[in-house]
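# Structural overview
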Amino acid sequence: QTFSTSPTQVVAGDIEPGHSLQYEVGFRGDPVRWVYWDTSLFYLDFDDQIGVVSHPTGPNVIDNVGRSVHKGWEAATEVSLSGAFD
């Protein structure tokens, strides 16, 4: 059984566990000793996502709010200044 820790929220009686499918592919490199890079593509498909449904006249309800799809690209670069001068 699931309980809310908030006095302004209640948990719906028929809440289902969420299910997700995630893919990610990426590459890393260090073209010189003091420069590093990392890049990746991701895709997350989340079904029966759990969230809070706001009600202006009563308590907010923690319930299944539906499906969400998240997709995108991430990239990072790091430069070691001390390594550049070694």
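Fair warning: this is a prediction, and the values are worked out from it, not measured in the lab.

Direction of pairing for strand E2 (residues 19-32) relative to strand E3 (residues 35-53): antiparallel, over a ladder of twelve bridges. When the bridges of E3 are listed, Gln22 appears paired with Leu44. Connecting the antiparallel pair E2 and E3 is a turn made up of two residues. For E3 and strand E4 (residues 60-79), the ladder comprises 17 bridges, and the chain directions are antiparallel. When the bridges of E4 are listed, Phe46 appears paired with Ser68.

What follows deals with a nonpolar patch on the surface. On the surface, Val25, Phe27, Trp37, Leu41 and Trp73 cluster together to form a nonpolar patch covering roughly 580 Å² of accessible area. Elements represented by at least two residues in the nonpolar patch include exactly E2 and E3. Secondary-structure assignment places Trp73 in strand E4. Under the relative-accessibility criterion, Trp73 is labelled exposed at 60%.

Quick look at the pattern of salt bridges now. Under the counting rule described, the total for this entry stands at two salt bridges. Asp38 is the salt-bridge partner of Arg28, the closest N and O atoms lying 2.9 Å from each other. Taken together, the residues Arg28 in strand E2 and Asp38 in strand E3 connect sequence positions ten residues apart. For Arg28, a relative accessible area of 71% gives the class exposed. Arg67 serves as the salt-bridge partner of Asp45, at 2.7 Å between the closest nitrogen and oxygen. Here Asp45, found in strand E3, pairs with Arg67, found in strand E4; they are 22 residues apart in sequence, far enough to count as distant. For Arg67, a relative accessible area of 55% translates into the label exposed.

Rules of the game
Residues numbered from 1 in each chain as written. Predicted model: local features only at pLDDT ≥ 70, side-chain atom pairs only at ≥ 80, totals over all residues. Heavy atoms only, no water. Pairing = 2+ DSSP bridges. Helix = DSSP H or I, 4+ residues; strand = E, 2+ residues; numbered from the N terminus. Patch = residues over 30% accessible without salt bridge, like charges linked within 9 Å, V, L, I, M, F, W, Y side chains within 5 Å. Areas by Shrake-Rupley, 256 points an atom, 1.4 Å probe, with all protein chains shown as cover. Salt bridge = Lys/Arg side-chain N within 4 Å of Asp/Glu carboxyl O. Buried < 20%, exposed > 50% of the residue type's maximum accessible area, 1.4 Å probe, protein only.

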